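Examination of the molecular architecture
Each chain, written out:
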Amino acid sequence: MSEPSAGGADTVEVQDDFMVRAENIHKSFGRLEVLRGIDLEVRPGEVMCVIGPSGSGKSTFLRCINHLEKIDAGRLWVAGHLVGYRQKGDKLYELRDREVAAQRREIGMVFQRFNLFPHMTALENVMEAPCRVKREPKTQVRERALKLMDRVGLADKVRSYPAQLSGGQQQRVAIARALAMQPKLMLFDEPTSALDPELVGEVLEVMKQLALDGMTMVVVTHEIGFAREVGDSLVFMDGGVIVEQGPPREVLANPRHPRTQDFLSKVL
Ligand code: ADP
Ligand code: MG
């Protein structure tokens, strides 16, 4: 991995104006260059939706934000911290695993597949990470988990096991589970793509409420209606680059780039 240049103190000044700031991010898997220079900024409270064809690097980019992949080049800040690095004097040092884990705790992620623990009730799933990772007192976590289950409309399902819940309900539990860690940023990677069509709306509604409550969110989605209604910004990715971005209504009504026009003509 090529280290970010360790210049003066201004090189890694805390980026408090942005929840996410990406500068020229590159990522390859072997000879396949998946991210080819991503520049992007997400402000606190902003909802950014990301669309683009399959294989364009959307998931990889989210995974870089959440330390699930390591970038090859460029710089990435999340919640004011340079991802993966710590500054000492004017030098940068790679974070230790423990420090990476601390950064990751500020980020909640929801995947296409809900991946709940099948042998735990919905409430136990929501309580698991704060109890195990943060070692918070159980009564405190339980109280928060119950509120979160209520917030995602599942107060009556706290004792249900995942197999007893619909896909939409399971995904709402997964959202509550991510929120239980009290993240500053939520990443959603096609959260409704695995759901039957009639269950999509209930999950999008929970996400909309979260957005209205002020959560900063990056949402990879094919739900154009959600992007138009809830998104503050819309990014179109193709071939590992951001082809176009702007206010959702503008991008959707007047896509400038032929690749955006072509993509939208297929999904709209
Ligand atoms: P998207 O989410 O936009 O569909 P991805 O970020 O999942 O795109 O994938 C972009 C490209 O990177 C694809 O060609 C995919 O096969 C490849 N890719 C993703 N993850 C890996 C990996 N761990 N190893 C090798 N190739 C990968
Ligand atoms: Mg993907």
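I will try to describe carefully the structure that is included in this document. (Residues numbered from 1 in each chain as written. Chains lettered and ligands numbered in written order. Predicted model: local features only at pLDDT ≥ 70, side-chain atom pairs only at ≥ 80, totals over all residues. Heavy atoms only, no water.)

**Looking at the overall build of the protein**
Of regular secondary structure, the protein possesses nine helices and 12 strands. For 268 residues, the compact-globule estimate of 2.2 N^0.38 gives 18 Å, and the C-alpha radius of gyration of the protein, at 19 Å, lies within 12% of that figure. Looking at the protein residue by residue over its 268 residues, the buried ones come to 53%. Look at the contacts in the protein between residues 6 or more apart in sequence, and 66% of them connect residues 24 or more apart. For the protein, the exposed surface amounts to about 13100 Å²; the carbon and sulfur share of it is 47%. In the protein, 36 side chains carry a positive charge and 37 a negative one; their mean positions are 5 Å apart. (Helix = DSSP H or I, 4+ residues; strand = E, 2+ residues; numbered from the N terminus. Rg over C-alpha atoms; globule rule 2.2 N^0.38 Å. Buried < 20%, exposed > 50% of the residue type's maximum accessible area, 1.4 Å probe, protein only. Contact = heavy atoms within 4.5 Å. Areas by Shrake-Rupley, 256 points an atom, 1.4 Å probe, with all protein chains shown as cover. Lys, Arg positive; Asp, Glu negative; His and termini not counted. Charge placed at Lys NZ, Arg CZ, Asp CG, Glu CD.)

**Description of the nonpolar core**
Soluble globular proteins tend to bury their nonpolar side chains together. Formed by 51 residues in total, the largest nonpolar core has its most connected members in Ile175, Met186, Phe188, Met207 and Met217. The element contributing the most residues to this core is helix α6 (residues 197-212), with eight residues. Setting aside residues no more than four positions away along its own chain, Ile175 makes contact with Val110, Met186, Phe188, Val203, Val206, Met207 and Leu210. Val20, Leu35, Val220 and Ile242 belong to the second-largest nonpolar core, a separate cluster that totals 29 residues. (Core = buried A, V, L, I, M, F, W, Y, C linked by side-chain atoms within 4.5 Å.)

**A closer look at the packing of helix α3 (residues 122-132) against helix α4 (residues 138-151)**
Running from amino to carboxyl end, α3 crosses α4 at an angle of 130°, the nearest separation of the two axes being 9 Å. Taken together, the axes of α3 and α4 are oblique relative to one another. The handedness of the crossing between α3 and α4 is right-handed. Facing Ala122, Leu123, Val126, Met127, Pro130 and Cys131 of α3, the residues of α4 in contact are Lys138, Val141, Arg142, Arg144, Ala145, Leu146, Leu148 and Met149. A class-by-class count of the residues in the contact of α3 with α4 yields 11 nonpolar, no polar and three charged. (Axes fitted to C-alpha atoms, helices over the stretch in contact; angles between N-to-C directions. Parallel < 35°, antiparallel > 145°, perpendicular 65-115°, else oblique. Left-handed = near helix turned anticlockwise from the far one by under 90°. Nonpolar A, V, L, I, M, F, W, Y, C, P; charged D, E, K, R; others polar.)

**Focus on the state of the cysteines**
This structure, assessed with the given rule, holds zero disulfides. Counting only cysteine sulfurs, Cys64 is the nearest neighbor of Cys49, a cysteine outside any disulfide, at a range of 20 Å. You can call Cys49 buried: its relative accessible area is 0%. (Disulfide = S-S within 2.5 Å.)

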